[in-house]
Amino acid sequence: MRLLQRYVLFELLRVFAIALTGLTLMLTFVGVIGEATRNGLGPKLILQILPFIVPSLMPFTIPATLLLTVTVVYGRMSGDQEVTAIKAAGINVMSIIMPSIIIGLALSLGTFILTDQFIPWAKGRTKQIVATGMEDIFLDILRAKHKFVEDKMGIAINVLDVDGRTLVGPRIHFKRGSGEAIHIEAESAKLEFDTEKNEIRLRLWNGTVNTPGNAGLRFVQEDKSFPLPRDISEMHPRDISISRIYSEIDVTTMKRDAEEHRRIIQTAFSLTHGNFEALDTQPFIPGQWEDVYAQRRAKKLHTEIHSRYALAASCFFFVLLGSSFSIYHGRSQFLTNFFVCFMPVLLFYYPVVMLMINLSKTGSVNPLWGMWVGNAGLFVAGIFMLRKVLQH
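Conventions used here
- Residues numbered from 1 in each chain as written.
- Predicted model: local features only at pLDDT ≥ 70, side-chain atom pairs only at ≥ 80, totals over all residues.
- Heavy atoms only, no water.
- Core = buried A, V, L, I, M, F, W, Y, C linked by side-chain atoms within 4.5 Å.
- Buried < 20%, exposed > 50% of the residue type's maximum accessible area, 1.4 Å probe, protein only.
- Helix = DSSP H or I, 4+ residues; strand = E, 2+ residues; numbered from the N terminus.
- pLDDT = per-residue confidence, 0-100.
- Contact = heavy atoms within 4.5 Å.
- Phe/Tyr/Trp six-rings, centres within 6.5 Å; stacked < 30°, edge-to-face > 60°.
- Patch = residues over 30% accessible without salt bridge, like charges linked within 9 Å, V, L, I, M, F, W, Y side chains within 5 Å.
- Areas by Shrake-Rupley, 256 points an atom, 1.4 Å probe, with all protein chains shown as cover.
- Salt bridge = Lys/Arg side-chain N within 4 Å of Asp/Glu carboxyl O.
- Lys, Arg positive; Asp, Glu negative; His and termini not counted.
- Charge placed at Lys NZ, Arg CZ, Asp CG, Glu CD.
- Pairing = 2+ DSSP bridges.

Some words on the nonpolar core
No. 1: Of all hydrophobic cores here, the largest spans 51 residues; its most connected members are Tyr-74, Met-77, Ile-96 and Ile-327.
No. 2: Breaking this core down by element, the ones donating at least two residues are helix H1 (2-38), helix H2 (43-79), helix H3 (82-88), helix H4 (94-132), helix H7 (284-329), helix H8 (334-362) and helix H10 (373-391).
No. 3: The leading source of residues in this core is H7, at 11 residues.
No. 4: Ranked by size, the runner-up nonpolar core spans 31 residues in total, among them Phe-148, Ile-172, Ala-189 and Phe-193.

Structure follows, in structure tokens:
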């Protein structure tokens, strides 16, 4: 039986390695590099960030690849009557399913470590590389598209060409804080990025400035500053390790408690002094909005914690369902096995997971159990199929 389990384990690892490599390369070249090229990123920068982007794809490719692996291996064994021969020899079919369960558990642990430790580190490294190469990214976008538009900030930059680090024939349109539209045309310009102040500085030569009150005001040299397109220091929940998430939750909770304590004291003073109008005045509104934001942020952080555990554990539940289903289905056509098994997963598991994530972020569902609904469905289906395999 140990020889048989080693045989099954080797087949599983061989197919898994080939499928994971192929799927990851396909997603990398078709998705990541294609999207980066469309956004005007240069090949040098793509190569620099590629080693840190590829691991981010693993939590999505590993479960699907593992399901494909078990359907290929066990479907072939069942279709070639190897499972029937094993049962005829008096060997329990669980002995050949056990290697896949061990792999599923190991990959569940590995996927969790990947999402909790390595991917946040890789995201941080990517942001550092992007920060240092932000000027090159901006110039690459202008070289590729000859324009850059940021609708949220109301900025549009058009150029005739980019010569090295010099913008040729730049035309800049932006709005002041008062809402006035400013149009600047220049012969040339140079830019530099200040990531500490999070802004772009443009030095323009020989041009004109058009404002609602002054048309065609000429200048020899003019300096303008704009905020960066995005704040690279912004941290999303998926970019933070669980230990840091818990720390942020503690800090947020302390701030909320302190703000609530302040409001209680201020309300008590207003009541004792008979100043009832102060209860509805403006000073209370900012604190209320901060409290609402803190609650939303805390819900997202709690959802991220439980989703990491649940999505990582899906490797085990995929194995439980895929292996038993492939043996019971008994076909050597692995694509048929995969699609017949994967379609219910695609139609049930992923929609349920996405629904639970959205409901958990809004506070409608407790993520402690909501994120495990999809896995519970896979577990019930897997146990049902496993019983059929063991009975027949």
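Remarks on the confidence of the model for the chain
Low pLDDT means the predicted atomic positions in that stretch should not be read closely.
No. 1: Chain-level pLDDT for the chain is 80 on average; 82% of the residues reach the 70-or-more range.
No. 2: Low pLDDT, under 50, characterises residues 282-286; the stretch is placed with 7 contacts to residues that sit more than four places away or in other chains.

A closer look at the packing of aromatic side chains
No. 1: Using the criterion set out here, one finds 6 aromatic pairs in the structure.
No. 2: Between Phe-316 and Phe-317, the ring centres sit 5.2 Å apart and the planes meet at 70 degrees, which makes this aromatic pair edge-to-face. When sorted by exposure, Phe-316 lands in the same class as Phe-317, which is buried.
No. 3: Measuring from centroid to centroid gives 5.4 Å for Phe-318 and Tyr-349, while their planes differ by 70 degrees, and the two rings are edge-to-face. Pair noted here: Phe-318 is in helix H7 and Tyr-349 is in helix H8, with a separation of 31 residues, a long-range link.

A closer look at a nonpolar patch on the surface
No. 1: A cluster of nonpolar side chains, namely Phe-339, Met-343, Leu-346 and Leu-347, defines an oily patch on the protein surface of about 390 Å² accessible area.
No. 2: Considering the arrangement of structural elements, one finds Phe-339 in helix H8.

Description of unusual backbone geometry
No. 1: Positive phi, normally seen in glycine, also occurs at His-146, with a value near 60 degrees.
No. 2: Structurally, His-146 is set in the loop between helix H5 (134-145) and strand E1 (147-150).
No. 3: Of note in this structure, Asn-206 is not a glycine but carries a positive phi near 55 degrees.
No. 4: On the secondary structure map, Asn-206 appears in strand E7 (residues 199-210).
No. 5: The partly exposed category is assigned to Asn-206, whose relative accessible area is 37%.

Some words on the pattern of salt bridges
Two side chains carrying opposite charge are able to pair once their charged atoms lie near each other.
No. 1: Here the structure, examined in full by the defined rule, presents 8 salt bridges.
No. 2: Between Arg-297 and Glu-248 there is a salt bridge, with its nearest N and O atoms 2.7 Å apart. Placement of the pair is Arg-297 in helix H7 and Glu-248 in helix H6 (residues 242-272), with a sequence separation of 49 residues.
No. 3: According to the relative accessible area criterion, Glu-248 is partly exposed, its value standing at 23%.
No. 4: A salt bridge links Arg-308 to Glu-304; the nearest nitrogen and oxygen atoms lie 2.8 Å apart. In this pair, Arg-308 and Glu-304 both sit in helix H7, 4 residues apart, roughly one turn of the helix. Both residues of the pair, Arg-308 and Glu-304, count as buried.

Topic: a positive patch on the surface
No. 1: On the surface, Arg-238, Arg-296, Lys-299, Lys-300 and Lys-361 cluster together to form a positively charged patch.
No. 2: Of note, Arg-238 is situated in the loop between strand E8 (217-227) and H6.
No. 3: With a relative accessible area of 47%, Arg-238 lands in the partly exposed category.

Brief notes about the pairing of E1
No. 1: Only one face of E1 is covered, namely the face carrying Phe-148 and Glu-150; the face carrying Lys-147 and Val-149 is uncovered.
No. 2: Two elements, E1 and strand E2 (residues 155-158), share 4 bridges in a ladder whose sense is antiparallel. Its bridge partner lying in E2, Glu-150 is registered against Ile-155.

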